[in-house]
Amino acid sequence: MNYNSNAPMKWKKSLIKYMLLRAYRLSSSFNFFQSEVGKIRDMFLLNSYPSHLIEETLRNFTSHHNIDENGFKCDNVDKTGQDEALDSTSEAKVADLESKKIYFKIPFFGRPSRTFQKRIQDQLRGYDLDVRAAFTTTKVSSYFCLKSQPSVLFKAGVVYRFTCTRDESISYIGETRRQFYVRITDHCTGRDKKSAVFNHIYNCNECQNVDISKSFDILQSCDMSNICTMEAILIAKHRPKLNIQLGPGNGTMVSLSLYGG
């Protein structure tokens, strides 16, 4: 979590404490702990955390856990028996306190959210209710896309249509398993010698003087397994005039494979 993110300050401080506690529990010696602290410090500095906040949290943590070079974790070992004896009592008290707390969610927007939290708590305090706020945050990506959408020209596995710039009744429907712009290039450069679209563009002055890619649009994105079927269905629906090289059915018929036992 970056320090400049729109989140409660308590979360940011707790994150530092969590990382320190994790390092403390996993370190078998004071030197290992110091090494982990150095990595934690660098990580939070790279995420714009103020150095004074990191150092203050570190001082409070080491003081609370009695961490020093002499007798690292020794005090905790001596207290193990006492802690085990108090476990059942402590857990019962914590469970009882938690059962009396009432949490409600508030979207976090900075100061307005904290003001609203305090107002709700003040209103309900007279009813002997322990009301706590649970702040929730929303990622920026939920408001708008952080990445530019790629052009449709890079799509593959599509059924497309070409429409003449001069006469919209003249069109062609085809399919391609390659990227869309590659198939457009085939039509426009004559790479496909049998292309009815190339022949039309060659004889149409209007189509030659415009951005020809705008004359192509995608009708349907398909799986490779049913792309020919979808092409045939759309040809039958729109009856494009330039689909003359596909036989007497104008491309509306596809082979049906039957598998017998």
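Okay, so let's go over this structure.

Each value, and the rule that gives it
- Residues numbered from 1 in each chain as written.
- Predicted model: local features only at pLDDT ≥ 70, side-chain atom pairs only at ≥ 80, totals over all residues.
- Heavy atoms only, no water.
- Buried < 20%, exposed > 50% of the residue type's maximum accessible area, 1.4 Å probe, protein only.
- Helix = DSSP H or I, 4+ residues; strand = E, 2+ residues; numbered from the N terminus.
- Contact = heavy atoms within 4.5 Å.
- Pairing = 2+ DSSP bridges.
- Axes fitted to C-alpha atoms, helices over the stretch in contact; angles between N-to-C directions.
- Parallel < 35°, antiparallel > 145°, perpendicular 65-115°, else oblique.
- Left-handed = near helix turned anticlockwise from the far one by under 90°.
- Nonpolar A, V, L, I, M, F, W, Y, C, P; charged D, E, K, R; others polar.

## A few points about helix H7 (residues 180-189)
- All of the buried residues in H7 are Phe180, Val182, Arg183, Ile184, Asp186 and His187.
- On the buried face of H7, the contacting elements are strand S3 (156-163), strand S4 (171-179), helix H8 (196-203) and strand S5 (216-221).
- With its phi angle positive at about 80°, glycine 190 sits one or two positions after the end of H7.

## Concerning the sheet that holds S4
- Judged by pairing direction, the sheet is antiparallel, and its three strands sit side by side in the order S4-S3-S5 without closing on themselves. Strands at the two margins of the open sheet, each flanked by one partner only, are S4 and S5. Across the sheet, the mean angle from the axis of one strand to that of its neighbour is 35°, orientation sign disregarded.
- Sheet topology places S3 next to S4; seven bridges connect them, and they run antiparallel. Paired with alanine 156 across the bridge in S4 is glutamine 179.

## Observations concerning the side chain of serine 113
- Relative to the helices and strands, serine 113 resides in helix H6 (residues 111-124).
- Of the residues examined, serine 113 reaches a relative accessible area of 3% and is grouped as buried.
- Contact partners of serine 113, with chain neighbours within four places excluded, come to Ile106, Pro107, Phe108 and Phe135.

## Things to note about the packing of H7 against H8
- Two numbers describe how H7 lies on H8: the axes approach to 7 Å, and their chain directions differ by 50°. Put simply, H7 runs oblique to H8. The handedness of the crossing between H7 and H8 comes out as right-handed. Contact with H7, carried on its side by His187, Cys188 and Thr189, involves Val197, Phe198 and Ile201 of H8 and no other residues of that element.
- Taken together, the residues of the contact of H7 with H8 break down into four nonpolar, two polar and no charged.

Note that all results are geometric; they support no functional claim without further evidence.
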